[in-house]
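What follows is each chain in one-letter form.
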Amino acid sequence: MAYFDAASAAPLHPVARQALLASLDEGWADPARLYREGRRARLLLDAAREATAECVGCRPDELVFTPSGTRAVHSGVAGALAGRRRVGRHLIVSAVEHSSVLHAAEAHETGGGSLTQVGVDRAGAVDPAAYAAALGEDTALACLQSANHEVGTEQPVARVAEACRAAGVPLLVDAAQSLGWGRVEGDWSLLTGSAHKWGGPSGVGLLAVRKGVRFASQGPGDERESGRAPGFENLPAIVAAAASLRAVRAEATAEAARLRELTERIRSRVPELVPDVEVVGDPSRRLPGIVTFSCLYVDGETLLHELDRAGFSVSSGSSCTSSTLTPSHVLRAMGVLSEGNVRVSLPPGTAAEDVERFLEVLPGTVAAVREKLGAPAATENVRAAGPGLVVDALGRRCPIPVIELAKVIGDVPVGATVRVLSDDEAARLDIPAWCEMRGQEYVGEEPVEGGTAYLVRRTR
């Protein structure tokens, strides 16, 4: 079985396993106590903090360990906003932030704060000028990921941090995906990370708050971790997280070059091997091990199951793989195809033979899934409408509306339109994306009873 979902959770690094087992024997006592066992535990905790702070690029007394990366984000956002409440209650985030950041932003807005979401380009990157334009006198905090979790696009953190610094606004960086590969560039103010993303154990996050940043911890007070992460520290896991971060950093340069070659192989060959595929994300400014692509006329959930049966563990941002039946917020913000979306994220040590086997299996798997969909005959749900056609796909989930559109676009003259009726939210993203891929003109949408009509004009 080839595990290709390291962006969700990387396999436990051998160094993490060794450190975890060793610290279970040495680090079980309360590090706040003064007796021998407590002092031994405190030494382990201090050493882990110093090693992690060196990797992050901050002082040890600026860094605390939290029970998860999500808790680090929530504590960081809430504490920074509370610390600057006299300035204002305006929060800025990008439209492609991790859900933990967006959930914190939603809670802030529900509580009466104001929120600006900065959009991204089709590669998933923000424009630093857009962040600068969003900054105002009442802006309390700005948030920007170092790299995207779904498509791997690296963000211009240094330039955004420069704009925030000039405006006197702290910048919180979610560095969960990138921290194992190196320090985050730029003059950031707060930073978060999660150990299971770099091969450490789950249940360990980190929050760094630079000296001079106004910060007010929320919730009941606690004497542990500077009051920013209440509760007894999971010392064995913290020690293992610190040890694995140092280990992956030592291997990062060589492993990044190797994984970039493998992901570039996937990026270039998938469109050659599989028709009607869009590779998404920035082609060069991206993390070493992540490559994402979407396949037209494919049910993403079925594709993932078939790849799993073939021996490959991958993930997806397709609407049909989520309980909400809505496309990934990242793909939606980028305006790219969400059908049959596949994210391949290679863990360190991935064998080139596994990538080659994936490329051998993928074309047949996609073809089989497309055949299994059994799209109805073109005349089955099509009716004439003056100079154009209407495709009635109400009650039918993507990719069926797009399949029906593709089958009838050639039945109308150049310049005529096809109206696709759909009540699936994914159609709002996938039909325009199909038009761009096929050189057709997306005219727009209009409400109809029971759903939405998407208008496509044939241009060739």
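Cut-offs used in this document
Residues numbered from 1 in each chain as written. Predicted model: local features only at pLDDT ≥ 70, side-chain atom pairs only at ≥ 80, totals over all residues. Heavy atoms only, no water. Helix = DSSP H or I, 4+ residues; strand = E, 2+ residues; numbered from the N terminus. Buried < 20%, exposed > 50% of the residue type's maximum accessible area, 1.4 Å probe, protein only. Pairing = 2+ DSSP bridges. Axes fitted to C-alpha atoms, helices over the stretch in contact; angles between N-to-C directions. Contact = heavy atoms within 4.5 Å. Left-handed = near helix turned anticlockwise from the far one by under 90°. Nonpolar A, V, L, I, M, F, W, Y, C, P; charged D, E, K, R; others polar. UniProt positions renumbered as here; feature names shortened; annotations may be inferred. Salt bridge = Lys/Arg side-chain N within 4 Å of Asp/Glu carboxyl O. Phe/Tyr/Trp six-rings, centres within 6.5 Å; stacked < 30°, edge-to-face > 60°.

As a further point, take unusual backbone geometry. Cis geometry marks the peptide bond from Cys 398 to Pro 399, where omega comes out at 20°. Inspection of the secondary structure assignment puts Pro 399 in the loop between β14 (388-392) and α11 (400-408). Its identity is not glycine, yet Asp 276 carries a phi of approximately 60°, on the positive side. Mapped onto the elements, Asp 276 comes out in the loop between α7 (235-273) and β9 (277-280). Taking relative accessible area as the criterion, Asp 276 reaches 24% and is therefore assigned partly exposed. One non-glycine residue, Tyr 297, lies in positive phi territory at about 65°. With respect to the secondary-structure elements, Tyr 297 resides in the loop between β10 (290-295) and α8 (300-309).

On to the sheet that holds β10, then. The antiparallel open sheet is built from three strands, whose spatial order is β9-β10-β12. Both outer strands of the open sheet, β9 and β12 (341-345), are each paired with one neighbouring strand and no more. Between one strand and the next, the sheet's axes are offset by a mean angle of 25°, whatever the strand orientation.

Backbone hydrogen bonds hold the strands of a sheet together, and the pairing may be parallel or antiparallel. Taken together, the seven strands give an open sheet; going across it, the order is β2-β8-β7-β6-β5-β3-β4, and neighbouring strands pair in mixed fashion. One side of each edge strand has no neighbouring strand; the edge strands of this open sheet are β2 (63-66) and β4 (114-118). On average, each strand axis in the sheet is inclined to that of its neighbour by 20°, with strand direction left out of account. As paired strands, strand β3 (residues 90-94) and strand β5 (residues 139-145) are joined by three bridges and run parallel to one another. Note on β5: the bridge partner recorded for Leu 91 is Leu 141. Lying over the sheet, helix α3 (residues 69-83) contacts β2, β3, β5, β6 (171-174), β7 (190-194) and β8 (205-209), oriented at roughly 165° with respect to β7. The strands that helix α6 (residues 157-167) touches are β5 and β6; relative to β6, the one it contacts most, it runs at about 160°.

Right, let's talk about the packing of α11 against helix α12 (residues 427-438) for a bit. Contact geometry for α11 and α12: axes closest at 9 Å, N-to-C directions at 30°. Of the two possible hands of crossing, α11 and α12 adopt the one that is right-handed. Taken together, the residues of α12 that come into contact with α11 (itself represented by Val 402, Leu 405 and Ala 406) are Asp 430, Ile 431 and Trp 434. Residue classes in the contact of α11 with α12 are distributed as five nonpolar, no polar and one charged.

Right, let's talk about the UniProt feature "coiled-coil region" (unreviewed entry) in the chain for a bit. Per the UniProt record, the feature "coiled-coil region" (unreviewed entry) sits at residues 242-269. Between the first and last C-alpha atoms of residues 242-269 the distance is 37 Å; the span itself is 100% helix and 0% strand.

This structure, assessed with the given rule, holds 24 salt bridges. Residue Glu 356 pairs with Arg 265 through a salt bridge whose shortest N-O separation is 2.9 Å. Placement of Glu 356 in helix α10 (residues 352-373) and of Arg 265 in helix α7 is noted, with a sequence separation of 91 residues between them. Taking the relative accessible area as the measure of exposure, Glu 356 reaches 24% and is therefore partly exposed.

Turning to the packing of aromatic side chains, a few remarks are in order. Going through the model one piece at a time under the given rule, you end up with three aromatic pairs. On the basis of an interplanar angle of 40° and a centroid distance of 5.7 Å, the ring pair of Phe 4 and Phe 312 is categorised as tilted. Of the two residues, Phe 4 is situated in the loop between β1 (2-3) and α1 (14-26) and Phe 312 in strand β11 (residues 312-313); the sequence distance between them amounts to 308 residues. As far as burial versus exposure is concerned, Phe 4 and Phe 312 are alike and both buried.

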